[in-house]
Amino acid sequence: MSEVSFWEAAFLWRDPLIAASLGAVLCALCGVFVVLRRSAFVSAAVAQASSLGVVLALLAPHVIGSEIPPLAAGVVVGAASAGLFALSGRDARIGVDASIALAYVLAGAASLVLGTLLPHEYERVHSLLFGDAVAAPIEEIVALALCLLLAVVFFAALFPRLVFASFDPEAAGAMGIRVRRLDAALYFVLGLSIAVATRALGALTVFALTVIPASGGLLAGRRFSGVIAWAVASALVAAAGGYYLSFVWSLPTGATIVLALGATLLLGLAVGRLRR
Amino acid sequence: MSAQKGSAAPHLRLVSARIGHRPGQPLLPPLDFELWPGEWLVVAGPNGAGKSTFVQSLVGALPLLGGRREILTPGLRFGYVPQRLSFDPIWPLSTLDVVRMGIAPWLPPFGRSASASARARELLDQVGLGGLGDTPFRSLSGGQRQRALIARALVAGPQVLVLDEPANHLDPPGERALVELVSELRERTGAAVVWISHRLGALAQRLDRIAFLRAGAIRVGSLQALSAEGILEGFFEPGKEAFR
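Note that the coordinates shown come from a computational prediction; the quantities given were computed from them, not determined experimentally. Along each chain, the written sequence defines residue order, and numbers are assigned to residues from 1. Naming scheme: in the order in which they are written, chains are lettered from A and ligands are numbered from 1. Totals for whole chains, interfaces and linings use every residue, but because this is a predicted model, local features are given only for residues with pLDDT of at least 70 and side-chain atom pairs only at 80 or more, for both listing and counting. The side-chain figures draw on all heavy atoms in the structure; neither hydrogens nor water molecules are used.

What follows is about the packing of helix H2 (residues 42-63) of chain A against helix H4 (residues 96-115) of chain A. Residue and element names in this part refer to chain A. Their axes nearest at 8 Å, the elements H2 and H4 cross at an angle of 30°. On the basis of the axis angle, H2 is roughly parallel to H4. In this structure, the crossing between H2 and H4 has a hand that is left-handed. Contacts between H2 and H4 involve Val42, Ala44, Ala45, Gln48, Ala49, Ser51, Leu52, Val55, Leu56 and Leu59 from the former and Ile100, Ala103, Tyr104, Ala107, Gly108, Ala110, Ser111, Leu114 and Gly115 from the latter. When grouped by side-chain class, the residues that make up the contact of H2 with H4 number 14 nonpolar, 5 polar and no charged. Think of each axis as a best-fit line through the C-alpha atoms, taken over the contacting stretch in the case of a helix, with angles from 0 to 180 degrees between the N-to-C directions. For the purposes of this entry, the term helix denotes a DSSP run of H or I that reaches at least four residues, the term strand denotes a run of E that reaches at least two, and both are numbered from the N terminus. In what follows, roughly perpendicular refers to angles from 65 to 115 degrees, roughly parallel to angles under 35, roughly antiparallel to angles over 145, and oblique to any angle outside these ranges. Each crossing gets its handedness from the near helix: less than a right angle anticlockwise from the far helix is left-handed, clockwise is right-handed. It only takes one pair of heavy atoms within 4.5 Å for two residues to be counted as in contact. We call Asp, Glu, Lys and Arg charged. Ala, Val, Leu, Ile, Met, Phe, Trp, Tyr, Cys and Pro are nonpolar, and the rest, Gly among them, are polar.

Okay, here's the thing in structure tokens:
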């Protein structure tokens, strides 16, 4: 148990809690489409692709003689990899799940191999990628807020088309929706959001935030609007509650948030059973 | 072809069109084709002849490999009923939600259509699903889903209704009922019907023209004309409604 009370230590947790809340809402919103499109592992693959981007950026001064900002490289490569899932996912010979798995293993292996050229940079790569859930620089909060704004505008602008193109791409295409272009835009937004959130909250927490709240919403809700509302609310509650519990019981923050999300999943299951 | 006699211009025209999925490998010779307002066109032929590819090119979902596609009706809208009736059951969608999807291609960014729900309920009534609007789409039977998808295809008021092998899962009475339903909807909406099929069945009495594809060739004409030319030999036997 911490010796300083939670409320006395507000200066310690205010910014990280704001970051966790922004990241929770962002990931929960994106997660609804991630889960409905059965692309749950997109988060893990984007994190691996981001790590490859960071490693490549750190190698750049040795190879091309000029600096590339590692964080920007990680975000760009992560978001671009998600766009590629969309382009390859509609190929009849390979599904989007296989594309995600390919990105995960190939980016992971490439990062490990190239990482041997940077033996003293491991800690830096890890820190750049996964940040620290108990510290949140203002630039991370701003990046999360901008991503959340982008995601909200994107989903609000194109929601009916996204639902149609995701549910029945064949009919959507025949009736005039440019499905491949829309898929690429959706995965780019997902990739960018996941890459930025991973930097702020860590890979495990972001993975959980993109899968568990939406799954709980599908278990508890009957309507699309209810699923989205449940996902956002449960992610917020779990992020704030998990952060609080980790503080007062001195537990690992990310893992505590994930377990709190697990509790909301059980609640969603119970609510769903009661409503049957 | 009674539908085209009173029409000044076709909805769309393919000019020297090369259709197919792979560049350099067109399925058919260069094709000239016109789709007329209000006509009932059956796209027929054996499995694998390229019927769906032809129709995807017609509606613009598949880019042409060559030639051009001219839209002569400004703002031409297509409604499309897919062949498959099974969809991922995890989607939390009511029947009304699915029908309302049909308006999505025509909404501007941030747009919502206040009239789409009323129009969707009206169409659900017309296809015999009145009262099932709030039922989860995944709970519907196959036949009910097909009717809901027909309603979805019509909700935006398209000038062309395309049905991709809609009778595949139906027995002859079911097929006749579906043809009757589409015929009634065509009367009400004035939409042209493009019906993809590998058999003619109950369609023989309704269709205006057939686009018949077989062995890398396409012929377009009336049932009588194509039958007289022997084009449909081995595929359609007049008077028997027998199809191979």
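Turning to the nonpolar core, a few remarks are in order. What makes a nonpolar core is a set of buried Ala, Val, Leu, Ile, Met, Phe, Trp, Tyr and Cys residues whose side-chain atoms join them at distances within 4.5 Å. For the exposure calls, accessible area comes from a 1.4 Å probe over protein chains only, and a residue counts as buried if that area is under 20% of its type's maximum, exposed if over 50%, partly exposed in between. Formed by 149 residues in total, the largest nonpolar core has its most connected members in Phe85 of chain A together with Phe54, Ile150 and Trp195 of chain B. Ranked by residues supplied to this core, first place goes to helix H1 (residues 10-36) of chain A with 15 residues. Looking at which domains feed residues into this core, each of domain 1 (1-76 + 159-181 + 190-244) and domain 2 (95-158) of chain B gives three or more. Setting aside residues up to four positions removed in sequence, tryptophan 195 of chain B forms contacts with Trp40, Leu41, Val42, Val43, Leu163, Pro166, Ala167, Leu178, Val179, Val182 and Leu203 of chain B. Core analysis: the second largest hydrophobic core is formed by 7 residues, Trp13, Leu17, Tyr243 and Val248 of chain A among them. Domains are outlined according to an automatic or database domain assignment.

What follows covers a nonpolar patch on the surface. Patches in this entry comprise residues that are over 30% relatively accessible and not in a salt bridge; like charges within 9 Å are linked, as are nonpolar side chains (Val, Leu, Ile, Met, Phe, Trp, Tyr) within 5 Å. Methods summary: accessible areas were calculated by the Shrake-Rupley approach with a probe of 1.4 Å, and residue burial reflects only the protein chains presented. Throughout this description, the term salt bridge denotes a Lys or Arg side-chain nitrogen within 4 Å of a carboxyl oxygen of Asp or Glu. A grouping of Ile138, Val142, Leu146, Leu149 and Val153 of chain A together with Phe110 of chain B is seen on the molecular surface, where their side chains present a nonpolar patch of about 590 Å² in accessible area. Following the sequence through the fold, leucine 146 of chain A ends up in helix H6 (residues 138-167). Of the residues examined, leucine 146 of chain A reaches a relative accessible area of 54% and is grouped as exposed.

With that settled, consider the packing of aromatic side chains. Note on aromatic contacts: the rings of Phe and Tyr and the six-membered ring of Trp form a pair at centre separations within 6.5 Å, being stacked when their planes are under 30 degrees apart, edge-to-face when over 60 apart, and tilted otherwise. Under the criterion given, the structure shown has 14 aromatic pairs over all chains. With a centroid separation of 5.9 Å and 75° between ring planes, the pair formed by phenylalanine 167 of chain A and tryptophan 91 of chain B is classed as edge-to-face. Highlighted residues: phenylalanine 167 of chain A in helix H6 and tryptophan 91 of chain B in the loop between strand S5 (78-81) and helix H3 (95-100), drawn from two different chains. With respect to burial, phenylalanine 167 of chain A and tryptophan 91 of chain B carry one shared label: buried. An aromatic cluster of three or more residues is present, and its members are Phe33, Phe154, Phe155, Phe159, Phe167 and Phe224 of chain A together with Phe87, Trp91 and Phe137 of chain B. When the NZ atom of lysine or the CZ atom of arginine is within 6 Å of a ring's centre and also within 35 degrees of its normal, the charge is said to sit over that ring. Above the plane of the ring of phenylalanine 137 of chain B lies arginine 145 of chain B, whose end atom (NZ or CZ) is 5.7 Å from the centre.

Before going further, it helps to examine the domain arrangement of chain B. Residues and elements named next belong to chain B. The domain architecture assigned to chain B consists of domain 1 (1-76 + 159-181 + 190-244) and domain 2 (95-158). With centres defined by C-alpha atoms, the gap from domain 1 to domain 2 works out at 25 Å. Put simply, buried area is how much 1.4 Å-probe accessible surface two parts lose in total, over both of them, once they are put together. Taken over both partners, the interface formed by domain 1 and domain 2 buries close to 750 Å², and the fraction arising from carbon and sulfur atoms is 67%. By the criterion of area lost to domain 2, the three top residues of domain 1 are Gln159, Leu161 and Leu181, representing 54% of everything that side buries. Scanning the region where domain 1 abuts domain 2 turns up 0 salt bridges. Whenever two N or O atoms come within 3.5 Å, that pair is a polar contact, provided that in protein one can donate a hydrogen and the other can accept it, and provided that, for residues adjacent in sequence, both atoms are side-chain atoms. Linking domain 1 to domain 2 there are 1 residue pair in polar contact (both at pLDDT 80 or more). Elements with a contribution of two residues or more to the side of domain 1 that touches domain 2: strand S6 (160-164) and helix H6 (172-189). Looking at the side of domain 1 that touches domain 2 element by element, the count peaks at 3 residues for S6. Each residue belonging to the side of domain 1 that touches domain 2 can be placed in one class, and the counts come to 9 nonpolar, 1 polar and no charged.

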